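Listed here are the chains, written in short residue letters.
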Amino acid sequence: MPTVTSPDHKVSEVEIEQAIGAGIERYFDDCRARIPAFIDRHFHYPGAIATNRKALGWDMLRAPLNLLWAPVYALASLVKILTRKRTGLGWLHDLADRVPAGFTTRVQQHISHLILVDLLNNGQEKSLLESYLVEALEAVYARHTSEPIDHQRFNKLIEPLVDEALSQYRVTRTASADITNSITCTVLGAFAFQKFTPGGIGLGVVLASVLAKTLAARDFILGETIGEWYYSVFPPEPSLATTASVMVAVMAALAAFAALSGVIFDPVQAAVGLHRRRLRKLLDHLQRDVSLSTQSSFRPKDQFVARILDTFDMIRSGLL
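What about the overall build of the protein chain?
Part 1 of the argument: When helices and strands are counted, the protein chain shows 13 helices and zero strands.
Part 2 of the argument: Along the chain direction, N to C, the helices and strands of the protein chain fall in the order α-α-α-α-α-α-α-α-α-α-α-α-α.
Part 3 of the argument: Taking all 320 residues of the protein chain together, 44% fall into the buried category.
Part 4 of the argument: In the protein chain, once contacts between residues fewer than 6 apart in sequence are set aside, the share between residues at least 24 apart is 75%.
Part 5 of the argument: In the structure as shown, the protein chain presents an accessible area of about 17300 Å², 62% of it carried by carbon and sulfur atoms.

Observations regarding the pattern of salt bridges
Part 1 of the argument: Within the structure shown, the criterion is met by six salt bridges.
Part 2 of the argument: Measuring nitrogen to oxygen at the nearest pair gives 3.5 Å for the salt bridge that ties Arg 26 to Glu 135. Of this pair, Arg 26 sits in helix H1 (residues 13-42) while Glu 135 sits in helix H6 (residues 128-141), and the two are 109 residues apart along the sequence.
Part 3 of the argument: Overall, the relative accessible area of 36% leaves Arg 26 in the partly exposed class.
Part 4 of the argument: The exposure class of Glu 135 is partly exposed, given its relative accessible area of 48%.
Part 5 of the argument: Measuring nitrogen to oxygen at the nearest pair gives 3.1 Å for the salt bridge that ties Lys 80 to Asp 97. Taken together, the residues Lys 80 in helix H3 (residues 59-83) and Asp 97 in helix H4 (residues 90-97) connect sequence positions 17 residues apart.
Part 6 of the argument: According to the relative accessible area criterion, Asp 97 is partly exposed, its value standing at 44%.

Notes on the nonpolar core
Part 1 of the argument: Grouped together as the largest cluster of nonpolar side chains are 36 residues, with contacts concentrated most on Tyr 27, Ile 115, Leu 120, Leu 279 and Leu 286.
Part 2 of the argument: Of all the elements in the fold, those that place two or more residues in this core are H1, helix H5 (106-120), H6, helix H7 (152-192) and helix H12 (274-292).
Part 3 of the argument: A total of 10 residues in this core trace back to one element, the largest contributor, which is H1.
Part 4 of the argument: What Ile 115 contacts, discounting residues up to four positions off in sequence, is Phe 38, Leu 120, Leu 166, Tyr 169 and Leu 279.
Part 5 of the argument: Listed in part, the six residues of the second largest apolar core include Cys 185, Ala 208, Val 246 and Leu 254.

Examining the packing of aromatic side chains
Part 1 of the argument: Inspection of every chain in the model, using the stated rule, returns five aromatic pairs.
Part 2 of the argument: Judged by centre distance (5.4 Å) and plane angle (25 degrees), the ring pair of Phe 220 and Tyr 230 falls under stacked. One end of the pair, Phe 220, is in the loop between helix H8 (200-218) and helix H9 (224-233); the other, Tyr 230, is in helix H9, and 10 residues separate them in sequence.
Part 3 of the argument: Taking relative accessible area as the criterion, Tyr 230 reaches 37% and is therefore assigned partly exposed.
Part 4 of the argument: Each ring, one from Tyr 230 and one from Phe 234, has its centre 5.2 Å from the other, and the planes form 40 degrees; the classification is tilted.
Part 5 of the argument: By way of ring pairs, the aromatic residues Tyr 27, Phe 28 and Tyr 132 are connected into one cluster.

Digging into the packing of H8 against H9
Part 1 of the argument: Their axes nearest at 7 Å, the elements H8 and H9 cross at an angle of 140 degrees. Our classification of the angle between H8 and H9 gives oblique. When you trace H8 past H9, the crossing you get is right-handed. Counted together, Lys 213, Ala 216, Ala 217 and Arg 218 of H8 and Glu 224, Gly 227, Glu 228, Tyr 231 and Ser 232 of H9 form the full contact between these two elements.

Quick look at the confidence of the model for the protein chain
In low-pLDDT regions, the fine details of the predicted coordinates are not to be read closely.
Part 1 of the argument: Considering every residue of the protein chain, the mean pLDDT works out to 77; 77% of them sit at 70 or more.
Part 2 of the argument: Of the regions scoring below 50 in pLDDT, residues 5-9 engages in 10 contacts with residues more than four places distant in sequence or in other chains.

Calculation notes
- Residues numbered from 1 in each chain as written.
- Predicted model: local features only at pLDDT ≥ 70, side-chain atom pairs only at ≥ 80, totals over all residues.
- Heavy atoms only, no water.
- Helix = DSSP H or I, 4+ residues; strand = E, 2+ residues; numbered from the N terminus.
- Buried < 20%, exposed > 50% of the residue type's maximum accessible area, 1.4 Å probe, protein only.
- Contact = heavy atoms within 4.5 Å.
- Areas by Shrake-Rupley, 256 points an atom, 1.4 Å probe, with all protein chains shown as cover.
- Salt bridge = Lys/Arg side-chain N within 4 Å of Asp/Glu carboxyl O.
- Core = buried A, V, L, I, M, F, W, Y, C linked by side-chain atoms within 4.5 Å.
- Phe/Tyr/Trp six-rings, centres within 6.5 Å; stacked < 30°, edge-to-face > 60°.
- Axes fitted to C-alpha atoms, helices over the stretch in contact; angles between N-to-C directions.
- Parallel < 35°, antiparallel > 145°, perpendicular 65-115°, else oblique.
- Left-handed = near helix turned anticlockwise from the far one by under 90°.
- pLDDT = per-residue confidence, 0-100.

Structure follows, in structure tokens:
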């Protein structure tokens, strides 16, 4: 909990702690009350279109790079969790802590700004939490002394926690896009090819097989029609070059889709309550960190779910 030294001995430490605790609780309760309106404004239509329109442009390049980098960052995050309090492994924790989350996309920046200004500060540019804390403390101090409250120490504590929490929230956007791709590939493989394709790799393998069959049938010595019958019984094995080329094409297409998928899936996530639960979790962790003066504890599990799906995709495709 933020500490304030009383300039007058008549103000007890207990009163100060109670005032700060009450200010923190009132602030985060008001933030939670703003969540439904925030989601309606930015994640339902037409707000979802305005939010994800930012993806047009360089985000089409940043999104695929982030998807490729996501497994590395997920591994680094796992290392940080496992080595946080291990004696002798501090160097490994520090090394993992320096691994960047990837390129920050314009959509991620926009949503972070919306959360900071609209949700956390209720439309104000300055820290609203500081105002709540100062108001609670001034009520206590007014009963004992006329000395002013030092505001700066609150900013020094609060800003790093908010920045780290928003950084973690941005990671969930990449992870959500990756999960969306896995679901899309599964649905596409089931309906288009009657195959189980739990990710881009699996879909690429299936498409490579289809392409190899089509090319082989076209060049069949007895004609394309007989070739299609023959290769439906004895399917040809696609070359490594064909498989790799199709996989790259599929992954590129999925990455481009991921950059704009929020237009479709943000309203879906809002409807099923995912955005609400994620934002409430962010606020719960922020409240705990501010109250206990701890490091940021907000670590969404989305990125680990996405990596599990990627691993399953590679196992299913025979790459692991």
